[in-house]
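# A structural walkthrough
Each chain, letter by letter, is given below.
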Amino acid sequence: MINVLFSGNSKVLDGVLTCMLSIFKRTETSEPFCFYIFTMDITRVKPEYTAIGPEEIAFLESVAKEYNDENRVVAVDVTKLYEEEFAYCPNESAYCSPYTLLRLLADLVPEMPEKLLYLDVDLLFNRDIRLLYDIDVTGYEYAAARDHYGKYLVHPNYINAGVLLFNLAEMKRTGLLEKARELIKTKKLVFADQSAIIRATTKKKMLPQRYNDQKFLHKHTVVRHFSKRLFYLPYPHTDNIKQWMVSRVHKVFRYYVFDDILYEYIYLKEKFQRETGGRKNERASNSGVLCL
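Bear in mind the structure is a predicted one, so any value in this text is a computation, not a measurement.

With that settled, consider the environment of Gln243. Secondary-structure assignment places Gln243 in the loop between strand S11 (237–239) and helix H9 (246–253). Exposure remark for Gln243: the relative accessible area of 0% places this residue in the buried category. Taking the C-alpha atoms as reference points, Gln243 and His220, separated by 23 residues in sequence, lie 19 Å from one another. Among residues more than four places away in sequence, those in contact with Gln243 are Gly15, Thr18, Val121, Asp122, Leu123, Leu124, Phe226, Val249 and Leu262.

Evaluation of the coordinates by the stated rule reveals 16 salt bridges. Residue Asp14 is joined to Lys269 by a salt bridge in which the shortest nitrogen-to-oxygen separation is 2.7 Å. With Asp14 in helix H1 (residues 13–26) and Lys269 in helix H10 (residues 259–276), this residue pair connects regions lying 255 residues apart in the sequence. We classify Asp14 as buried; its relative accessible area is 15%. Between Asp107 and Arg181 there is a salt bridge, with its nearest N and O atoms 2.6 Å apart. Pair noted here: Asp107 is in the loop between helix H3 (79–86) and strand S4 (115–119) and Arg181 is in helix H7 (residues 176–186), with a separation of 74 residues, a long-range link. With respect to class, Asp107 is no different from Arg181; both count as buried.

On to the packing of helix H2 (residues 54–67) against H10, then. Between H2 and H10, the shortest axis-to-axis distance is 12 Å and the interhelical angle comes to 135 degrees. For the element pair H2 / H10, the angle class is oblique. As H2 runs across H10, the sense of the crossing is right-handed. Contact residues: H2 offers Glu55, Glu56, Phe59, Val63 and Tyr67, while H10 offers Glu264, Leu268, Phe272 and Thr276. Residues belonging to the contact of H2 with H10 are distributed by class as follows: five nonpolar, one polar and three charged.

Reading the values: the criteria
- Residues numbered from 1 in each chain as written.
- Predicted model: local features only at pLDDT ≥ 70, side-chain atom pairs only at ≥ 80, totals over all residues.
- Heavy atoms only, no water.
- Helix = DSSP H or I, 4+ residues; strand = E, 2+ residues; numbered from the N terminus.
- Buried < 20%, exposed > 50% of the residue type's maximum accessible area, 1.4 Å probe, protein only.
- Contact = heavy atoms within 4.5 Å.
- Salt bridge = Lys/Arg side-chain N within 4 Å of Asp/Glu carboxyl O.
- Axes fitted to C-alpha atoms, helices over the stretch in contact; angles between N-to-C directions.
- Parallel < 35°, antiparallel > 145°, perpendicular 65-115°, else oblique.
- Left-handed = near helix turned anticlockwise from the far one by under 90°.
- Nonpolar A, V, L, I, M, F, W, Y, C, P; charged D, E, K, R; others polar.

Take it as geometry only, folks, not as evidence of what the structure does.
Have a look at this one:
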């Protein structure tokens, strides 16, 4: 089983769907996938911070099973854990949403696998996921690639936490996530969860940039991460173009290599919207969200 972890609220469908499709279309394996989605309802912070629903989970699992009937999509509602650990903490209103903090709860969720690939939802695989997932992390807490800007501005080995290959057993042994949670609860950090992970790290495995390329796309790129980036023309500015913004991916990046993924995404998303019409459908009655 290849185990992947996402986290987010009710608005992550576009990202999870496109990322899953890129994995299926770029990977040749008969081994099944299990996609975990940590989610929560935290509308006390913002009205839109609602958990991903059973309808969306049923849809994502139906897509996954088209590629392998043993594939699974499992949503885990960690609202209770979040409130116990992070409610009203200094980083709850950080630059990013509180949902980025949910990966720091992985050691508290029962029966999570020892090897787990955490992924932000704003990325696509350009090559086989096994090139990343099969990396040996024995003796390391996790493996990660450098942050494109941070390696120049902060530290040469400053990592981007959008792609993390967890050795959860080693993390539990060293207490990395426990230490990171304590930092989140007690100190205001510039990059919240990412800063906490870096400060709490005992031993990490550095990966080449191709495993989390936040600016360029090369033939050898394994993961293209569509994070916010700097553009110099027609004037210096930042923009946050995500992979599901298909027309902008074409117009600004001139990427067409992902069209097989993105066109299937458009078809499936429209199909989902037609079938649901904003209401629960029959599939939702056979699916649910695990609550802790």
